[in-house]
Amino acid sequence: MTTTASTTTTVPTTTTTTTVLTTTTTTTLLTTTTTITTSSSIFINNTTTPALLCMHGGQTQNGYCICTAEYSGKSCETPNFCDPDTRDSFSFPKTIIGQFTYSNTTCGPKSINAGVPVATALCMNNTKFGLIQSLDCNLTFDIILLNLSSPQNQQNLAFSTQILTSVPDKLSPQNISRAAQIASTLLSSSEVTQNITLAAVTTISQLLNIGVNKFTEDTVNSTNWLTDTLQNYSVSSNSNGSQLIQPNVAVLSMNVTKSLTHVQLNAFKSLSSTFLPKNINVNSSASGFPSDQFPIDVQMSVQLKPPNTAAPGINVGFVLYNNDLFFKSHVFQDTLGSTRKVISGKINQTDALENITFSMSNQNFSSLSLQDFACVFWNYTLNDWSTKGCSKILVPADNSDAPLLTCSCGHATNFAVLVSFGPNYNYSPPLGVISIIGCALSVAGLVTTILFQILTRKSRGVSPTLLMVSICVCMTIYYLLFIFGINNPVQQNYVPSENNSIPKSDFYNAPDKGPCTAMAALLQYFLLASFTWSSLYAAHIFFLLKNAISGPPKNFNTICTVVGWGFPAVIVGITLGVTYRPNAPLNYRQEEFCWLAGMDINNNFNLSKPIFWGFLLPLAVMIFFNIFVLLYFANTTCKADPSLSSSQVTPLRKKLLSSMSLAVVLGLSWVIAYFMFLPFDLIAHNILMYAFCICNTTQGIQIFILFTLRTRFFKEKFLIFMKTVPAPEMALHRMSYELWQVREKEVPESYRSTDFDNNK
């Protein structure tokens, strides 16, 4: 990339390879063959001075300043725009040099083109507006098409078309077709002038600002004609050596002498999303990629046959499109809203072409990574992309994150790189210590509780054995699933394939391999089942409190069995049926760990994902019911009956323990999970996360303590069991000793200590 300033002074040299010169605005390194502008460090007497600070919003890249569109120069100090101005009674806003702008005055509401600017002007290199053209506000695309045959009106009609396409929202698919036909007709003319060409290219650039939904099947023929015409124009005698660069289209050409066999286009990245003349150039260097001083966005190298076989007068043309709106594909679907640059390489003598190599930078998504790509060209016969004659050039495995995707083709036409992205997976490490220990102890406590509930069911009378055992069974299973199956056993590793085949979409869904989806479905089922049984337990408590004499309804256990095991199965079945497909398993589950999908591709929580309506929503309904029962239970048990004596009143501690026991078995600690969705700061979020982890991994321990260990029956059985265990043959002796401390004129102080020792 070369930048210049008006105060640059250069002194040629023939005795040394490189001479370093400095001025107040630029540093130029001269050789006998090339001139390169640099902006990193100045080498004087083998010493290095720091790079200049980038001005006006510029950013440093490898020690060089990458400037915004409004400024250029080594440190982004040179203005690259025209200030707002009024010319020929039209006022124009601030505009980048080399680009057209439009007047603030628009057509009146009664005209056909109401709201469209009435004039356009070009920001010239001297930072002043020029080439001002006005519009007849009642002119239409159809009228322009009918009058294009008159050469004397072509320039006015060309600029009128440009102005009419400057407001994308006002254009219909029919307008797009008409504007494309007008631009194609103008560029096909043998008498086209530079101004007409500039207006036509600007029109094409503006058409690429229109929404993708307006490019329909009706516009395909017109846009195909337009792109074919534009690449033919790039190698015609009218464009010999020209460079037409507008925000969304760049047309560059070069006449190749017989001694040259290599022509290269370089488009550098910038802070602007549009093309800028300072960032695009064509040269005949055979050195391949330029230095790393500026990052490459698009690059194309046209390799010609050796000079002895190449005919004289070869024209090489390039057309670069900022997006692929003119290339509407049926075999490749855009689902991410991503954009693809399209580059055309053309040569007027096809026999002289040896090979074309082009590279494009990989589009960056924070949550996505490259899965695969295809090197393609636009087949005008198929009206779609094709890979015939093109191949991929893969980077070494140790450089798989290289920013450039490189292709090689044996013919000249419009090329693109179709990229398929996959989620940028961040597989979690094995479960933390807290989770492992908590879940393992919970499993032990739940198994003990299950055995205790079954073995003592007759002695406990009306205690709901079925409900408690079912809760513990479900919790035990999902704890075991969580420990051994939450981490995905089959992790994706995205490496571009050698096969150059067109992907179906720009978002890649790996086909399901089975284990992780099965684990997610089992986790969903047993978590929902545990809460369903908890809600049935709450219903049992409610009936006992409401109907102290009759208790729960008849056949309550049968109803509980059907609902407890059937309701979760229905939810899981609906979730799988709606979201799961073998070729798109991530609609149902996540990839990093085997649980329900909940985030979109940007890692934002999505209410349409199954984790919301397949788990959180039914869970919330059950938790609300459980909270209601808990409050009803607490209110009922804490009421004081005046007719009872004080000795008959249940102690407050026992009431609190009863309420806490019910809260534990009802799984109310899961309320913390819903608070984690609130916009807390990082510290508060981490506190909630640890509280949720501790409370829920130890829920089995809590149930064991409150429903087994604290019961009188368990204590009695445990004492009986302990009596059957023989005491160890070990004698313990108590030993006492006294220490006396005597101080002058004070009563002696003594310290007494007691300890055990073994009598050996």
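The shown structure was predicted, so the numbers you read here are calculated from the model rather than taken from an experiment.

(A) Representation of the overall build of the protein chain within the structure. If you tally the helices and strands in the protein chain, you get 15 helices and 31 strands. Within the span of the protein chain, comprising 760 residues, buried residues form 46% of the whole. Working note: accessible area of the protein chain is about 38,900 Å², and carbon and sulfur atoms make up 59% of it.

(B) Looking closely at the pairing of strand 22 (residues 314-321). Most of strand 22 is tucked away: eight of the eight residues are buried. Neither face of strand 22 is open: one carries I314, V316, F318 and L320, the other N315, G317, V319 and Y321, and all of them are buried. Both strand 18 (residues 249-256) and strand 22 contribute to a ladder of eight bridges, which runs antiparallel. Bridge pairing in strand 22 places V256 opposite I314. Bridge count between strand 22 and strand 23 (residues 342-347): six bridges; the pairing is antiparallel. Counted as the bridge partner of Y321 is V342 from strand 23.

(C) Local environment of the packing of aromatic side chains. Under the counting rule described, the total for this entry stands at 23 aromatic pairs. On the basis of an interplanar angle of 85° and a centroid distance of 5.0 Å, the ring pair of W378 and W385 is categorised as edge-to-face. Given the relative accessible area of 2%, W378 is considered buried. For the ring pair W670 and F692, a centre distance of 5.1 Å and an interplane angle of 90° mean the geometry is edge-to-face. Here W670, found in the loop between helix 11 (652-665) and helix 12 (671-675), pairs with F692, found in helix 13 (residues 682-697); they are 22 residues apart in sequence, far enough to count as distant. Three or more aromatic residues joined by ring pairs make a cluster, and in this case those are F215, Y321, F326, F327, W378 and W385.

(D) Structural context of the nonpolar core. One finds I204, L230, V249, V251, Y321, F326 and W385 to be the most contacted residues of the largest nonpolar core, which totals 64 residues. If we ignore the near neighbours within four places in the chain, the residues touching V249 are V201, I204, S205, L208, L230, L244, F275, V319, L320 and Y321. Ranked by size, the runner-up nonpolar core spans 60 residues in total, among them V443, L630, A673 and L688.

(E) Main features of the side chain of Q133. As for its placement among the helices and strands, Q133 is situated in strand 16 (residues 129-134). A relative accessible area of 16% means that Q133 is categorised as buried. Leaving out residues up to four positions away in the same chain, Q133 has contacts with V118, A119, T120, Q155, F159 and I163.

(F) Just the packing of helix 8 (residues 515-546) against helix 9 (residues 556-579), in detail. At their nearest, the axes of helix 8 and helix 9 sit 9 Å apart, and the two run at 145° to each other. Between helix 8 and helix 9 lies a crossing of right-handed hand. In terms of residue class, the contact of helix 8 with helix 9 is made up of 19 nonpolar, six polar and no charged.

(G) The arrangement of the sheet that holds strand 22 in detail. Pairing in this open sheet of seven strands is antiparallel, and the strands run 17-18-22-23-29-25-26 from one edge to the other. The two strands at the open ends of the sheet, each matched to only one other strand, are strand 17 (243-246) and strand 26 (384-386). Taken over all neighbouring pairs, the strand axes of this sheet differ in orientation by 25° on average, direction set aside. Where helix 4 (residues 194-207) meets the sheet, it contacts strand 17 and strand 18, and its direction lies at approximately 35° from that of strand 17. Lying on the sheet, helix 5 (residues 220-233) is in contact with strand 17, strand 18, strand 22, strand 23, strand 25 (368-379) and strand 29 (414-423); it crosses strand 22 at an angle near 140°.

(H) Geometry of a nonpolar patch on the surface. Together, V433, I436, I437 and L441 make up a nonpolar patch on the protein surface, roughly 360 Å² of accessible area in all. Within the element layout of this structure, L441 appears in helix 6 (residues 433-455).

(I) Representation of the state of the cysteines within the structure. Taken as a whole and assessed by the stated rule, the structure comprises seven disulfides. Between C390 and C409 runs a disulfide, and the two sulfur atoms are separated by 2.0 Å. Its S-S torsion of approximately 115° makes the covalent link between C390 and C409 right-handed. Highlighted residues: C390 in strand 27 (residues 390-393) and C409 in strand 28 (residues 404-409), separated in sequence by 19 residues. Sulfur of C472: no disulfide; nearest cysteine sulfur belongs to C474 and is 9.4 Å away.

(J) Inspection of the sheet that holds strand 15 (residues 119-123) at higher detail. The antiparallel open sheet is built from three strands, whose spatial order is 14-15-16. Taken across any chain shown, the strands that pair with only one partner, and hence form the sheet edges, are strand 14 (100-102) and strand 16. This sheet shows a mean twist of 25° between the axes of neighbouring strands, independent of strand direction. Bridge count for strand 14 against strand 15 is three bridges, and the pairing is antiparallel. Residue pairing across strands places Y102 opposite T120, the latter belonging to strand 15. Of the strands in this sheet, strand 14, strand 15 and strand 16 are in contact with helix 2 (residues 154-164), which crosses strand 16 at around 90°.

(K) Representation of the confidence of the model for the protein chain. A residue-level look at the protein chain finds 80% of positions with pLDDT of 70 or above and a mean pLDDT of 80. Confidence scores differ between elements of the protein chain, with strand 2 (residues 27-30) showing the lowest mean pLDDT of 28 and strand 14 the highest of 95. Confidence drops under pLDDT 50 across residues 287-291; counting only partners more than four residues distant or on other chains, this segment forms eleven contacts.

(L) Quick look at the environment of C82. Mapped onto the elements of the fold, C82 is located in strand 10 (residues 81-82). A C-alpha to C-alpha distance of 7.9 Å links C82 and M124, two positions 42 residues apart in sequence. What C82 contacts, discounting residues up to four positions off in sequence, is P93, K94, T95, C123, M124, T127, K128 and F129.

(M) Looking closely at the packing of helix 7 (residues 465-485) against helix 14 (residues 699-709). Axis separation between helix 7 and helix 14 bottoms out at 10 Å; the angle between their running directions is 150°. By the angle class used here, helix 7 and helix 14 are roughly antiparallel. As helix 7 packs across helix 14, the resulting crossing turns out to be left-handed. Of the residues in helix 14, those in contact with M468, C472, M475, Y478 and Y479 of helix 7 are Q699, G700, I703 and F707. Its residues assigned to classes, the contact of helix 7 with helix 14 comprises seven nonpolar, two polar and no charged.

(N) Summary view of the pattern of salt bridges. What the rule picks out here adds up to seven salt bridges. The salt bridge partner of K341 is D297, with a shortest N-O separation of 3.4 Å. Of the two residues, K341 is situated in the loop between strand 22 and strand 23 and D297 in strand 21 (residues 296-304); the sequence distance between them amounts to 44 residues. Exposure remark for K341: the relative accessible area of 22% places this residue in the partly exposed category.

(O) Region of the structure containing the environment of S160. Residue position: S160 is located in helix 2. Given the relative accessible area of 1%, S160 is considered buried. S160 sits 19 residues away from F141 along the chain, and the two C-alpha atoms are 9.0 Å apart. Not counting the four nearest positions on each side in its chain, S160 is found in contact with S134, L135, L139 and I144.

(P) The arrangement of empty space enclosed by the protein in detail. Inspection of every chain in the model, using the stated rule, returns four cavities of 30 Å³ or more. When its volume is computed, the second largest cavity comes out at roughly 70 Å³. Its residues assigned to classes, the lining of the second largest cavity shows four nonpolar, four polar and four charged.

(Q) Region of the structure containing the side chain of S72. With respect to the element layout, S72 can be found in strand 8 (residues 71-72). If sequence neighbours within four positions are ignored, S72 has contacts with C67, E77, T78, N80 and K278.

The rules behind each value
- Residues numbered from 1 in each chain as written.
- Predicted model: local features only at pLDDT ≥ 70, side-chain atom pairs only at ≥ 80, totals over all residues.
- Heavy atoms only, no water.
- Helix = DSSP H or I, 4+ residues; strand = E, 2+ residues; numbered from the N terminus.
- Buried < 20%, exposed > 50% of the residue type's maximum accessible area, 1.4 Å probe, protein only.
- Areas by Shrake-Rupley, 256 points an atom, 1.4 Å probe, with all protein chains shown as cover.
- Pairing = 2+ DSSP bridges.
- Phe/Tyr/Trp six-rings, centres within 6.5 Å; stacked < 30°, edge-to-face > 60°.
- Core = buried A, V, L, I, M, F, W, Y, C linked by side-chain atoms within 4.5 Å.
- Contact = heavy atoms within 4.5 Å.
- Axes fitted to C-alpha atoms, helices over the stretch in contact; angles between N-to-C directions.
- Left-handed = near helix turned anticlockwise from the far one by under 90°.
- Nonpolar A, V, L, I, M, F, W, Y, C, P; charged D, E, K, R; others polar.
- Patch = residues over 30% accessible without salt bridge, like charges linked within 9 Å, V, L, I, M, F, W, Y side chains within 5 Å.
- Salt bridge = Lys/Arg side-chain N within 4 Å of Asp/Glu carboxyl O.
- Disulfide = S-S within 2.5 Å.
- pLDDT = per-residue confidence, 0-100.
- Parallel < 35°, antiparallel > 145°, perpendicular 65-115°, else oblique.
- 1 Å grid on protein atoms, 1.4 Å probe; cavity = no way out; pocket = protein on both sides within 12 Å on 5 of 7 lines; lining within 4 Å.
- Points joined across faces, edges and corners; volume = space filled by probe spheres on them.

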